[in-house]
Amino acid sequence: MKKARMGKNEMDDLMAYDDKADDTDEGIGMCGWILTAISWLIVIVTLPFSLCVCFKVVQEYERAVIFRLGRLLQGGSKGPGIFFVLPCIESYQKVDLRTITLGVPPQEVLTKDSVTVSVDAVVYYRVSNATVSVANVENAHHSTRLLAQTSLRNILGTKNLHEILSDRESISLAMQTILDEATAAWGIKVERVEIKDARLPEQLQRAMAAEAEAAREARAKVIAAEGEKKASGALRDASEIISESSSALQLRYLQTLNSISAEKNSTIIFPLPMDLVKNMVE
């Protein structure tokens with residue numbers, strides 16, 4: 001049942017370690033067999049008190065990697081539940097299989113376009129093979145932390161500033177791929193990588209803000225100029241239409257007087273007939 005729940009890679013690694021364990025049992029020598037016999041004798045003589053020392057328990061999310069006389073025990077990791085450890089000649093190490101959140105400290109990086117930027121990230125990973133994580137690397141978690149920092153610096157060094165600010169998803173995927181391939185031999189599975197924040201120097205922030213403000217002002221002037229152009233065209237068309245009819249001009253004149261009187265101001269208006277104004281002009 002335990003082997004049925006393991007992945008294909010874990011099964012391959014487990015078979016390899018089973019082969020090593022078989023070689024171990026054959027190569028422990030006469031001294032190893034004598035020590036094993038003595039250990040069993042101690043367990044039998046001290047029954048039932050020895051059971052309190054020999055039986056160990058690991059949680060559902062843990063596995064125990066057992067070493068006998070310094071060599072991996074056949075069968076791979078044990079757990080979850082109860083397992084048996086011989087006194088004096090066997091030792092074990094617990095491995096947590098839950099997902100671990102690793103915060104990558106801010107890394108000062110010089111980008112491809114020679115801009116200094118500070119970037120931090122979060123890495124989510126778990127131990128996929130307890131036996132490999134103990135036997136192949138001294139400290140899998142510390143090694144993963146250092147590798148994550150190095151990978152982040154290497155990837156960001158090949159990117160421009162605008163790519164770091166706008167294309168974080170591709171950077172996260174590239175970093176996840178690199179970490180997953182490198183940590184596979186350590187029994188580590190990287191599940192997700194996220195870029196948290198990219199901090200720029202204050203001088204660069206002010207320069208970028210000034211550039212953005214200037215770009216917005218330029219766009220506002222262009223929009224205002226286009227509006228004035230359209231308004232002048234509309235006024236020209238309106239003036240041509242009004243000039244064709246004297247009554248239309250009179251109605252426009254009366255509409256203007258109505259607008260001025262609605263504002264309740266102290267302006268005094270002396271209306272003059274349009275015919276009189278026309279005669280005076282002529």
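Our structure is the block above this text.
Residues numbered from 1 in each chain as written. Predicted model: local features only at pLDDT ≥ 70, side-chain atom pairs only at ≥ 80, totals over all residues. Heavy atoms only, no water.

Participant: Any chance you could explain the environment of L97 here in plain terms?
Facilitator: Tracing the chain through its elements places L97 in the loop between β5 (90-96) and β6 (100-110). Remark: the alpha-carbon pair of L97 and I188, spanning 91 residues in sequence, is separated by 9.7 Å. Apart from residues no more than four positions distant in its own chain, L97 is found in contact with Y61, R63, R126, V127 and A130. (Helix = DSSP H or I, 4+ residues; strand = E, 2+ residues; numbered from the N terminus. Contact = heavy atoms within 4.5 Å.)

Participant: Is there a simple way to explain the pattern of salt bridges in this structure?
Facilitator: In a structure, side chains of opposite charge can pair up when their charged atoms sit close to one another. Enumeration over the complete set of coordinates arrives at eight salt bridges. Here D120 makes a salt bridge to R199, at a shortest N to O gap of 4.0 Å. Of this pair, D120 sits in strand β7 (residues 116-127) while R199 sits in strand β8 (residues 188-199), and the two are 79 residues apart along the sequence. Looking at R199, the relative accessible area reads 36%, which means it is partly exposed. For D237, the salt bridge goes to R236, with nearest N and O atoms at 3.9 Å. On the accessibility criterion, D237 (39% relative accessible area) is partly exposed. By relative accessible area, which is 52% here, R236 ends up exposed. If you follow the salt bridges from partner to partner, you end up with D120, D197 and R199 in one network. (Salt bridge = Lys/Arg side-chain N within 4 Å of Asp/Glu carboxyl O. Buried < 20%, exposed > 50% of the residue type's maximum accessible area, 1.4 Å probe, protein only.)

Participant: Explanation requested: the sheet that holds strand β2 (residues 62-68) in the structure shown.
Facilitator: One key point about sheets: their strands pair by backbone hydrogen bonds, in either a parallel or an antiparallel sense. Reading across from one edge, β3-β2-β5 is the order of the three strands in this open sheet, with antiparallel pairing throughout. Looking at the sheet topology across the chains shown, the edges are occupied by β3 (71-72) and β5. As judged from the two bridges shared by β2 and β3, these two strands associate in the antiparallel manner. Looking at β3, one finds that R68 is bridged to R71. (Pairing = 2+ DSSP bridges.)

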